[in-house]
Amino acid sequence: AESGGGVCAFGKFQMSGKAVIRSCTAEGTSFNCGGGVWVDGSFEMSGEAIIEGCQAISESAYGGGVYVNSSSSFVMSGKARIEYCQAISNPSYRSNGGGVHPNNTTLTLSDSAVIQNCKAVNSAGSGETYGGGVSADNVKKITLADSASIASCTAANGSGLYITGSWNTGDGNLYADGGSVDGDVVLGGKDKNDGPCTITGSGGTVFNGKVTVTPGSTIESGTFNGEVINNGTISGGTFSGTVINGEDGTIAE
């Protein structure tokens, strides 16, 4: 299908128990998304539900595993998994969210849910790939809790997470309440029109890759084991790697 290779759902869609969506494709000529699932509404994965081996292929590809449309919500809990999914774009266009692409919505990963071994790929090998695990545009809220994780994903920009925020008050927050992200994180995007993001919450999330904080974005909490490049604001958190403070960066005392 052009969008929602396995499932295209409006309203509420749930996967639970040992439900599986496997080896599905969304493919077309311009804007295609949700290789496994496209949802305009709410999507819940729980139990041992799996989305695996799905792909979105297009000039601009979004959400190899899952695409969640504007003002919706996506919750992964239990032992739910999204794995081995890919968003594949053509030359000169962007690939976004090998595993998941939430657009102007909320995303929650809790319990031992995992997004792993996913890729954002450009067919010409260019650097226009964003969010190997998750690429989120105009995000309302992302929550990582318990032992949930994003691991072993690939993209030129934000192999783990690539998050652009919203200019709406109260949006753009990543609640670091637990779990881990292995791979690079870009907080706030690299385009000047991208809205800022804030890593906040209890600070229980461990970030094991490089974290890039763009102008206007903020780290308030979290544990950071890799390099942090700060062009925004750092006002809290625990850092065991190198922190490079750019010309636009502020580290609050």
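This text goes with the structure placed above it.
Below is a summary of the structure that appears in this document.

## Some words on the overall build of the protein chain
Along the protein chain, the regular secondary structure elements total zero helices and 33 strands. Taken over C-alpha atoms, the radius of gyration comes to 17 Å for the protein chain, in line with the 18 Å a tight globule of 253 residues would show. With the principal axes as the frame, the protein chain shows a C-alpha extent of 50 × 40 × 30 Å. Long-range contacts, defined here as pairs at least 24 residues apart, represent 71% of the contacts in the protein chain between residues at least 6 apart. For the protein chain, the accessible area works out to roughly 9,600 Å², and carbon and sulfur atoms hold 44% of it. A gap of 6 Å separates the mean positions of the 12 positive and 23 negative side-chain charges of the protein chain.

## What about the pattern of salt bridges?
A complete count under the given rule lists three salt bridges for this structure. In this structure, Arg22 engages Glu52 in a salt bridge whose closest nitrogen and oxygen atoms are separated by 2.5 Å. Residue Arg22 is found in strand β2 (residues 20–22), and its partner Glu52 is found in strand β6 (residues 50–52); the two are separated by 30 residues along the sequence. Classification of Arg22 as partly exposed rests on a relative accessible area of 48%.

## So, the sheet that holds strand β3 (residues 25–27)
Reading across the sheet, the four strands line up as β3-β7-β12-β17 and stay open at both edges, with parallel pairing between neighbours. Of all the strands in the sheet, just β3 and β17 (119–122) have a single pairing partner and so form its edges. Averaged over all neighbouring strand pairs, the angle between strand axes comes to 10 degrees, with direction disregarded. Sheet analysis places β3 next to strand β7 (residues 55–58), joined by three bridges and oriented parallel. By the bridge assignment, Ala26 is partnered in β7 with Ala56.

## So, the side chain of Thr198
Tracing the backbone shows Thr198 in strand β24 (residues 198–200). When residues no more than four places from it in sequence are discounted, the contact partners of Thr198 are Gly172, Asn173, Leu174, Thr218 and Glu220.

## Section: the environment of Val228
If you trace the backbone, Val228 turns up in strand β29 (residues 228–230). By relative accessible area, which is 1% here, Val228 ends up buried. Between the C-alpha atom of Val228 and that of Ser240, which follows or precedes it by twelve residues, the distance is 9.8 Å. In this structure, Val228 is in contact with Val211, Val213, Ile219, Ile234, Phe239, Thr242, Val243 and Ile244, ignoring residues within four places of it in sequence.

## A short note on the environment of Ala176
Residue position: Ala176 is located in strand β22 (residues 173–181). When its relative accessible area of 0% is taken as the criterion, Ala176 is described as buried. Leaving out residues up to four positions away in the same chain, Ala176 has contacts with Leu144, Ile199, Thr200, Gly201, Ser202, Gly203, Gly204, Thr205 and Phe207.

## Side note on unusual backbone geometry
Backbone geometry places Tyr84, a non-glycine residue, at a positive phi of 55 degrees. With respect to the helices and strands, the residue Tyr84 is situated in the loop between β11 (81–83) and β12 (86–89). Positive phi, normally seen in glycine, also occurs at Ser152, with a value near 55 degrees. Within the fold, Ser152 resides in the loop between β20 (141–151) and β21 (161–163).

## Some remarks on the environment of Ile21
Position of Ile21 relative to the elements: it lies in strand β2. The exposure class of Ile21 is buried, given its relative accessible area of 10%. Through-space distance from the C-alpha of Ile21 to that of Thr212 is 33 Å; in sequence the pair is 191 residues apart.

## Side note on the sheet that holds strand β18 (residues 129–130)
Overall, parallel pairing links the four strands, which are arranged β4-β8-β13-β18 in an open sheet. One side of each edge strand has no neighbouring strand; the edge strands of this open sheet are β4 (31–33) and β18. When β4 meets strand β8 (residues 60–62), the two strands line up parallel, connected through three bridges. Paired with Asn32 across the bridge in β8 is Ala61.

## Comments concerning the packing of aromatic side chains
Scanning the model with the defined rule gives six aromatic pairs in all. Aromatic rings pair up to connect Phe13, Phe43 and Phe74 into one cluster. The ring centre of Tyr130 lies 3.7 Å from the NZ or CZ of Arg94, which sits over that ring.

## Examining the side chain of Ser135
Mapped onto the elements of the fold, Ser135 is located in strand β19 (residues 134–136). A residue is classified by how much of its surface remains accessible, and Ser135, at 0% relative accessible area, is buried. Setting aside residues up to four positions removed in sequence, Ser135 forms contacts with Asn96, Gly97, Val100, His101, Pro102, Tyr130 and Tyr162.

Reading the values: rules and limits
- Residues numbered from 1 in each chain as written.
- Predicted model: local features only at pLDDT ≥ 70, side-chain atom pairs only at ≥ 80, totals over all residues.
- Heavy atoms only, no water.
- Helix = DSSP H or I, 4+ residues; strand = E, 2+ residues; numbered from the N terminus.
- Rg over C-alpha atoms; globule rule 2.2 N^0.38 Å.
- Contact = heavy atoms within 4.5 Å.
- Areas by Shrake-Rupley, 256 points an atom, 1.4 Å probe, with all protein chains shown as cover.
- Lys, Arg positive; Asp, Glu negative; His and termini not counted.
- Charge placed at Lys NZ, Arg CZ, Asp CG, Glu CD.
- Salt bridge = Lys/Arg side-chain N within 4 Å of Asp/Glu carboxyl O.
- Buried < 20%, exposed > 50% of the residue type's maximum accessible area, 1.4 Å probe, protein only.
- Pairing = 2+ DSSP bridges.
- Axes fitted to C-alpha atoms, helices over the stretch in contact; angles between N-to-C directions.
- Phe/Tyr/Trp six-rings, centres within 6.5 Å; stacked < 30°, edge-to-face > 60°.
- Lys NZ or Arg CZ within 6 Å of the ring centre and 35° of its normal.

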